[in-house]
Structure formats: structure tokens, C-alpha cells
Amino acid sequence: MKGPSYIPNGSLLKGRYEIQHEIGRGGYSVVYAARDRELDSDVAIKLLVPPPATAHTARERMRREVQAVRGLAHANIVAVHDFLEEGPLSFIVMEHVHGPDLSARLRDRGELDVEEVVRIGQGVAAALSAAHRSGILHRDVKPQNILLDTDGQARLTDFGSAKLEGQASVTRTGAFVGTIDYTAPEVIAGRRADARSDVYSLGMTLYFALTNRLPERPSPHLPPPPVADGYRPGEVREGVPTWLDGLIARATAASPGERYSTAASLHDDLEHREQGFGQAVESRPPRLEPCLICGDSEPLGLGVCPRCGGTSSGVADTLIFVQRSSHRAEKKARAERLQALLGARTDGAALEAVAAGNRALVRIPAASAAKVVRQLSQRQIPTRAVRASLAWAPLPHPFYGLLGSVIVVGGATEVAALGTVLMSPLIAALMLFTAQRRLKSPLVDAPKRVAPLPEQVEKKVIETFEQLPSGTARSLLADLVRIGQGLYASLDRSEHHREAMKELTGLLRNSCDAAVDLADLDENLSRLESQRERFPEYADDWIDRLSQCQRARDKLVQKLLEVMAALGEARSHSAEFVSAGGERLAELGREIQIHCDAHASAAQEIDELLGTPALSSGSSE
């Protein structure tokens, strides 16, 4: 049941907009149908009703969101005209779409047919693609925010409104923003959204449109649990085409790296359908192996990421063994720590052998050994490095006693059993060989390396990974480098391929710089969000900088995602890529360089703001 209306029907706002009736309401907003007397046209008025404690901040945030969104002119986006205030009222003037939202359509008619779902998906994906290219995320794609024109065309609305609904996001890092049923797992976990988060929400919306239900979940108050390979509507509804089933599964994959890199990629697969499905724009990026030490993505096939000591210099000639212990409880504790580190990658018996020091944990280059031993020691797993050529040394002493017994027993056998006497040393040698081979077989094998990048580029990648913290910048660069390696390996060293290789390697170098800037932007955002209360007299400055930093961050993420999509497309259509000389990659490289140049001045402004006297005095308390 609706509460009392905030604005009576017939009221006139700004002497121009006549309120006709209420259309609907959300947590902190009410939407009215209105008439623009000046232009003699229908409009929608969205009245903001945030909690009093955050009203000023909410209005300023929404004012800036409207300023950004009103520049989006797209057939599938509900136009935003203005943000106005009259007395205590703050409201947004929008285009009025005469038609229900997708949620109401599903409630009234049930699940949609495949063609209608595809048409809606194409429209919303096109709208998101246009917004993402402008550095604008929606953050709350769901059936209620998709309006259907009288001709059935999908219109996406309420850009930025999720920030109003989630007021805590204004002042605290990682606060939840959006509608939990359709929100990507990484956002629920506290990570910042990017274009792939909107892709997930659209995928869940299409799943709902096809089935008129959400996937199974443990509680109505909890979101559907993340599924590695995504949700398949074909499992609950017959007749869903295989290509559409796979498309939605990819869009709703738990890991952002497994989804479509961009909304444009999703749109193209919806458009191409069965013809070349999954390769219309980009090939699916290869799944990355995690680093042995920290569990983050490891793109170079080193087994251990550069930050934890992985290096491409030298051959993997050193084995890492867990130090032996005579205490059963300590062996068990080490096995449990290894299990926590490795996850489900190994079985219990093999783990026990490693924890006991009877089998190597990993084989790495000697240059990485000292740092890996240090890193594992910090995780309370004491280890030692042994050259592979000396791997017989770690064999347990009782084993040598057993070998001696074999030889002694053989020698003590009666002369008549001459064959036994001769065979005993051979048996002992075979036992030694077998034990040494098992000892030298590491529990964790580094994945097979793709053909290495040029030395200078690989050095740049390794140096970048050494300084990047865990987060979006690191995972994006890992995916991008892995796809770039695959593309580079597919090119030969002929004159015909030389220009394309040059543009590819240049783009990878620029992407490393962009990833460092992205990590810096994320850190600045965290600083701005966490320190808001320390200088309230600078609130408007703070909101300006926060909005600018957020927009710069989203634009940079989008550029890196576009690079990933372009690399995937180049891998799928290598002949066209080579013939074009890598022109698209060169263009993206130039665009990324522009973003990096702009970042330097923006970072300086944020440092100046965070260094204000108000902040300094607050931090000294």
C-alpha cells in the first residue's frame, strides 16, 4: 500500500511542470507523471526523498550524475532533461515512457518468448555499451529499470539512482549499491563495479525474463549463489536455444574474467545468434591459473606470480620442499595450511607427502627461490630450496637404511642364489630412482607457458605485477596479458606480421601503465570515501573530486576492457588483424596514453584536497 503523496496532484513545480499522478516509488524516490506546460509534452518527475542526515550529499551526488547522464543520447536510454530544486524539493525531469516496466510485464503475462527476450537484451546491451564508453556505469540493471515502449522497445532508466538507494556508498568504501538479486558477486563482496558487473546484471535479467524466476537460492533474503560457469535458463525452461543458453551462462559467470569483457560483445553475440556464437567479437579469455603463494591470477605461466617471487629469468631448476618435522600435530597443521593455500587442486595423500617433506611442492627458477621461501614462511609453512640435480638429498634417512638392508640381505643369500646377489644392487638402484623421481615431481606444476613476449615487454609486465595490489587493476591486466600472449604466439616473425606485433607490444606496455594508474585511482577513491567526515566544510569539493575520480576510474577500466575485447577479436580473426597492421590496437594504445596523462593532474588535485588543514587536523586526533 502506498504511503501519503509527497506532492499533491495538480501541483506546479518551477511554474512549469504540472503533477498529474504518481507512477511508482523506490526506497528514496517517488516518480510522478507530469505535464510540461512550456513544451506541451509529457514528462516524468522523479522526486528525491533521501534520509535527512544524508540529504545534502545525496542531492549533490545526483546532481552530478544527472549532468553526466543527460549527455547520453541513445534510443534505448530514457532521456534525462534536468535536475531542479524548489524549496526543500529536489527532483529529476525525465522523458516519460508510456509503457510498463519489464517486471510488470512478466508479472502480468509470465515468461517472455525467446524473440522478445533477445530484442530486449539487444536494446539494453546497446544502451549499456553507449554509457560505458562515456565512463558511466548503471549499477542497478534489473527488470524494474527496463521500460517497454508501446512498440516493445526496451528503454533503460535510472542511471546512477543506485547510489541514491545505497546512501552508505557515499562515505564508506565497499558499501553495497544496487538490487541484491541481480548484483554481480564481486560487488556484493565489496569490490568496485565495472562494465562486467552491469553485464552480469543484464544476464540475470534475461534469465528472469526467460523463466519468470530467479535461480535457486538458500533464502529469499540472499542473492543467488555465484556459479563458476554461470546460470543456464535451459535447465528450468524447455525450448531455450543452445546459443542463448550459453550466452546467458557466460554473462552470469561468477568471475568477471569469465564474462563478456564489454556490453558491446554481448550485444554482438545476441545479434549474430547461432552464426559464430561466442566469437562474433571476442574469443573467451583463457582461464588463468592462480599463484601458488597468494592465489591471485598468474598470467605468465610461472606458477608463482611476480609479486610473490615468480620470474621468467632462467630455467625452473629449483625445487621447494617443506621442512621436515617429527611432530605429527605440526605435520597436520602444515597440511591444513597447504590445503587452504591450494584449495581443491590436490588430494589428501599427496598433500600429506608434501607436508612431510617427502615430495616437492613446486619447481621454480633459482632466482625466485629465496622470495618464495620467505613468502611461505610468513604463512607458517617453513620450506627450503633444493637444486633439482641434488634432489636425492632430501630423501628421508630411513629410506637409505632400507636400501642398505636390500643390499645386505642380497649379499647374505646363499651362493647358490647367485641371481639374487647380482640383482640386489639393481633393485636398490631402481628403488632409489623411483623415489627420487617421485620426490622431484612437484605437487603444483606451473602451467605450460605460452610463447614468451619480447624481453623488454615481459620485463615491464613483471615489474608492474610486482607493485600492483590485489584488485581490479591486477586481475584486468592478468587477463589482458594472457590473451595478448596467445595473440603474440600466433604471429610469426615475418615482415608481414611485424607491424601488428609492434602495435601489440606497444599496447601491452601502455596497458601496464594504465593498470598502475587504475590501482592509484582505486586507492584515491578509498581515501576520499573514508575521510569524508573529517572535513565537512569542504563537502562540495569532496563530492566534486569523488565524482571526477569515479568517472576517471570507470573510463580507464572501460578502456582496458575494450583492449581485452579487441585482443580477443584479433585472436579470432588473426588474418584481418594482421592485414590491418594492428590499427585498432594502435588507436586503443593512444587512447589509454591520453587517460594516463590526464590521471597525473587529477591525482595531484586529490592529493591537494586530502592535504587540506581540515583533514590534517582531523587526522591528528
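Above this note sits the structure.
Now for a quick tour of the structure.

What counts, and where the lines are drawn
- Residues numbered from 1 in each chain as written.
- Predicted model: local features only at pLDDT ≥ 70, side-chain atom pairs only at ≥ 80, totals over all residues.
- Heavy atoms only, no water.
- Pairing = 2+ DSSP bridges.
- Helix = DSSP H or I, 4+ residues; strand = E, 2+ residues; numbered from the N terminus.
- Contact = heavy atoms within 4.5 Å.
- Axes fitted to C-alpha atoms, helices over the stretch in contact; angles between N-to-C directions.
- Polar contact = N/O pair within 3.5 Å; in protein donor to acceptor, adjacent residues only side chain to side chain.
- Buried < 20%, exposed > 50% of the residue type's maximum accessible area, 1.4 Å probe, protein only.
- Core = buried A, V, L, I, M, F, W, Y, C linked by side-chain atoms within 4.5 Å.
- Parallel < 35°, antiparallel > 145°, perpendicular 65-115°, else oblique.
- Left-handed = near helix turned anticlockwise from the far one by under 90°.
- Nonpolar A, V, L, I, M, F, W, Y, C, P; charged D, E, K, R; others polar.

**Digging into the sheet that holds strand β5 (residues 80–86)**
Part 1 of the reasoning: Spatially, six strands are ordered β1-β2-β3-β4-β6-β5 in an open sheet, and the strand pairing comes out antiparallel. The open sheet is flanked by β1 (12–13) and β5, the only strands paired with a single partner.
Part 2 of the reasoning: Taken together, the six bridges between strand β4 (residues 41–48) and strand β6 (residues 89–95) define a ladder with antiparallel strand orientation. Within β6, the position partnered with Leu47 by the bridge is Phe91.
Part 3 of the reasoning: Its contacts with the sheet place helix α1 (residues 55–69) against β4, β5 and β6, and it is angled at close to 155 degrees to β5.

**Focus on the side chain of Arg553**
Part 1 of the reasoning: Its location among the elements puts Arg553 in helix α17 (residues 539–572).
Part 2 of the reasoning: Separated by 2.8 Å, the side chains of Arg553 and Asp522 make a polar contact.
Part 3 of the reasoning: Those residues in contact with Arg553 that lie beyond four places of it in its chain are Arg192, Ala193, Asp194, Thr472, Leu518, Leu521, Asp522 and Leu525.

**Topic: the side chain of His267**
Part 1 of the reasoning: Structurally, His267 can be placed in helix α8 (residues 263–272).
Part 2 of the reasoning: Note on His267: relative accessible area 19%, which makes it buried.
Part 3 of the reasoning: If sequence neighbours within four positions are ignored, His267 has contacts with Gln122, Ala125 and Ala126.

**A look at helix α10 (residues 348–355)**
Part 1 of the reasoning: By the burial criterion, the buried members of α10 are Ala350, Leu351, Ala353, Val354 and Ala355.
Part 2 of the reasoning: A positive backbone phi angle near 85 degrees is found at Gly357, which sits one or two residues after α10.

**Comments concerning the pairing of strand β2 (residues 17–25)**
Consecutive residues of a regular strand have side chains that alternate between opposite faces of the sheet.
Part 1 of the reasoning: In terms of strand pairing, β1 meets β2 through two bridges, oriented antiparallel. When the sheet's bridge partners are listed, Leu12 is paired in β2 with Glu18.
Part 2 of the reasoning: As consecutive antiparallel partners, β1 and β2 are separated by three residues, and within that stretch Lys14 has a phi angle of approximately 55 degrees, a positive value.
Part 3 of the reasoning: Direction of pairing for β2 relative to strand β3 (residues 29–36): antiparallel, over a ladder of seven bridges. Paired with Tyr17 across the strands is Asp36, a residue of β3.

**Considerations on the nonpolar core**
Part 1 of the reasoning: Formed by 57 residues in total, the largest nonpolar core has its most connected members in Ile92, Ile120, Val124, Ile146, Leu202, Leu244 and Leu247.
Part 2 of the reasoning: Of all hydrophobic cores here, the second largest spans 48 residues; its members include Ala195, Phe465, Met501 and Leu556.

**A short note on the packing of helix α9 (residues 328–342) against α10**
Part 1 of the reasoning: Orientation of α9 relative to α10, taken along the N-to-C sense of each, is 120 degrees, at an axis distance of 9 Å. Classified by the angle their axes make, α9 and α10 are oblique. For α9 against α10, the interelement crossing comes out right-handed. Where α9 abuts α10, its residues Lys331, Arg334, Ala335, Leu338, Gln339 and Leu342 lie against Leu351, Val354 and Ala355.
Part 2 of the reasoning: Here the residues of the contact of α9 with α10 sort into six nonpolar, one polar and two charged.

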